[in-house]
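Residue-level structural notes
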Amino acid sequence: MFYLGGFKIDISLDTIYDRRLAARDLKSSFFLVGYFEGLLYGVFLPLLVVYSVKKKSIINILVIIFSIVAVFSLKGSKGVVFSPFFLILVYLIVSKGYKFGKAILSLFILLVSFSLIELFLFDTSLLASIVIRRKLVVPSQLTVYYWEFFSNNPFVYMKDGIFGDLLPFDSNYTMRRSYLIGETYFKDGHNANANIWAVAFADFGYIGMFITTIISSYILKILDRLGKSHFILSCCSCAYISVVWSEGALYTSLLTNGLLFILLILWIQKIEKKVET
């Protein structure tokens, strides 16, 4: 990934969207780049962060920091910076035996409180914009936009995904649904990704939402069974999946976001536990 980025280090917030456009063009030029990128910053980096914190490995942590900088320089995604810290937080909550629901609620209250303090003392809204608006307000807004648009327009029928060519439907749009919503409601070609149920509705309406619910429940059931041999890893994996499913399609999460790879890791861990016993 560092090579594809031209061996450049650029962590400026002013050029984030320029780097995202360049990364989008790069993905279209190299078919496997998207999958490698998803595995790197979506699976390897977050799980390696948790593993390194648990083992207190300074070398691993330095490699992780370099990798985060390299990926952020290439695609300008703030998620690659925040997701490792989010999983470390989940790891600390679970490993210390805290009640997860109460801990997350307390942290949310603290975030809102600090956002208000920042607003009143410094007249800025950086914390509120990055965390509260981006992770809570925007996803809900985009879900409504998806429902509103595709309630009055033809469905996508997965034609902008890897399985679209397998389905006997005609393509109704010339651009991907996320850019279609961005162009319709934001007028700037914004990449407006939504959660798995919003995407399912865009594909097949309420039937798509029902099918997505069934498939996702079976995936979580498999994850639950595999994760019994390694509880903390399973919890961190669930936290990562919750973020992935809030930002894209279910079928995209399987390969591009590395969900199948996570299940493979948990399956290997379960086999190793059986061998040890």
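Residues numbered from 1 in each chain as written. Predicted model: local features only at pLDDT ≥ 70, side-chain atom pairs only at ≥ 80, totals over all residues. Heavy atoms only, no water.

1. Considerations on the packing of helix α5 (residues 100-122) against helix α6 (residues 126-151)
Relative placement of two packed helices is described by the angle separating their axes and the distance separating the axes. How we decide: A fitted line through C-alpha atoms serves as each axis, taken over the contacting stretch for helices, and the angle formed by two N-to-C directions is quoted from 0 to 180°. Only DSSP runs of H or I reaching four residues or more are called helices, and only runs of E reaching two or more are called strands; each is numbered from the N terminus. Throughout, the term roughly parallel applies to angles under 35 degrees, roughly antiparallel to angles over 145, roughly perpendicular to angles from 65 to 115, and oblique to all others. A crossing counts as left-handed when the near helix is turned anticlockwise from the far one by less than a right angle, and as right-handed when that turn is clockwise. Here a residue-residue contact requires only that any non-hydrogen atoms of the pair lie within 4.5 Å. Gly falls in the polar group here, along with every residue not listed as nonpolar (Ala, Val, Leu, Ile, Met, Phe, Trp, Tyr, Cys, Pro) or charged (Asp, Glu, Lys, Arg).
With their axes 8 Å apart at the nearest point, α5 and α6 run at an angle of 140 degrees to one another. Relative to α6, the element α5 is oriented oblique. Along this stretch, α5 crosses α6, giving a crossing that reads as left-handed. Contacts between α5 and α6 involve F108, L111, V112, F114, S115 and E118 from the former and L126, L127, A128, V131, I132 and L136 from the latter. Counted by class, the contact of α5 with α6 contains 10 nonpolar, 1 polar and 1 charged residues.

2. Quick word on α5
Rule in force here: How far a helix is expected to stretch is found by multiplying one less than its residue total by 1.5 Å. Residue burial is assigned from relative accessible area. The probe radius is 1.4 Å, only protein chains are included, and a residue is buried under 20% of its type maximum, exposed over 50%, and partly exposed in between.
For α5, built from 23 residues, the straight-helix expectation of 33 Å at 1.5 Å per residue is met to within 8% by its first-to-last C-alpha distance of 32 Å. A103, S115 and E118 are the residues of α5 that are buried.

3. Let's talk about helix α10 (residues 231-245)
Spanning 15 residues, α10 covers 21 Å between terminal C-alpha atoms, matching the ideal 21 Å at 1.5 Å per step. The complete set of buried residues in α10 reads L233, S234, C235, C236, S237, A239, Y240, I241, V244 and W245.

4. Some details on the nonpolar core
Stated formally: The nonpolar core is taken to be a set of buried Ala, Val, Leu, Ile, Met, Phe, Trp, Tyr and Cys residues, with the residues joined through side-chain atoms within 4.5 Å.
In terms of nonpolar packing, the biggest core is built from 23 residues, with L87, C236, Y240, I241, W245 and L266 touching the most fellow members. Sorting the residues of this core by element identifies α2 (33-55), α4 (79-95), α9 (206-227), α10 and α12 (259-276) as the ones contributing at least two each. Here this core takes 8 residues from α10, the largest share from any one element. Y173, L180, A202 and A249 belong to the second-largest nonpolar core, a separate cluster that totals 19 residues.

5. Considering unusual backbone geometry
Even without being a glycine, Y157 presents a positive backbone phi close to 60 degrees. Looking at the element boundaries, Y157 is found in the loop between α6 and α7 (177-185). Given the relative accessible area of 22%, Y157 is considered partly exposed. Phi is positive for M158, which is not a glycine, with a value near 60 degrees. Relative to the helices and strands, M158 is located in the loop between α6 and α7.

6. A closer look at the confidence of the model for the protein chain
Applied cut-off: Confidence of the predictor at the level of single residues is given by pLDDT, which spans 0 to 100.
Overall, the prediction assigns the protein chain a mean pLDDT of 77, with 78% of residues at 70 or greater. In the model of the protein chain, helix α1 (residues 16-29) stands out as the element of lowest mean pLDDT, 62, in contrast to helix α8 (residues 196-204), which has the highest, 92.

7. A few points about the environment of T213
The line we're drawing: Polar contacts, as counted here, are pairs of nitrogen or oxygen atoms within 3.5 Å of one another; within protein the pair requires one atom able to donate a hydrogen and one able to accept it, and residues that are adjacent in sequence qualify only if both atoms are side-chain atoms.
Here T213 lies in helix α9. Under the relative-accessibility criterion, T213 is labelled partly exposed at 36%. When the C-alpha atoms of T213 and L250 are compared, they prove to be 9.7 Å apart, with 37 residues separating the residues in sequence. A polar contact of 2.9 Å, which involves the side chain of T213, links it to the side chain of W197.

8. Regarding the environment of M209
Topologically, M209 is positioned in helix α9. For the pair M209 and A198, spaced 11 residues apart in the sequence, the C-alpha separation amounts to 7.7 Å.

9. Considering the side chain of R177
On the secondary structure map, R177 appears in helix α7. One polar contact links the side chain of R177 to the main-chain carbonyl oxygen of V199, over a distance of 3.1 Å. Once you skip the residues sitting within four places of it in the chain, R177 turns out to touch Y146, F150, V156, M158, D160, V199, A202, D203 and Y251.

10. Here we look at the packing of aromatic side chains
Formally: Aromatic rings from Phe, Tyr and Trp, with only the six-membered ring used for Trp, were paired whenever their centres fell within 6.5 Å, and each pair was classed as stacked if the ring planes differed by under 30 degrees, edge-to-face if by over 60, and tilted otherwise.
Summed over all chains, the structure comprises 10 aromatic pairs. Here the aromatic rings of F155 and Y157 are separated by 6.1 Å at their centres, their planes lie at 90 degrees, and the arrangement is edge-to-face. Pairing F201 with Y206 gives two aromatic rings, centres 5.1 Å apart and planes at 70 degrees, and the pair type is edge-to-face. Judged by its relative accessible area of 5%, F201 falls in the buried class. You can call Y206 exposed: its relative accessible area is 57%. Each member of the aromatic cluster is reached from another via a ring pair, and the members are F155, Y157, F201, F204 and Y206.

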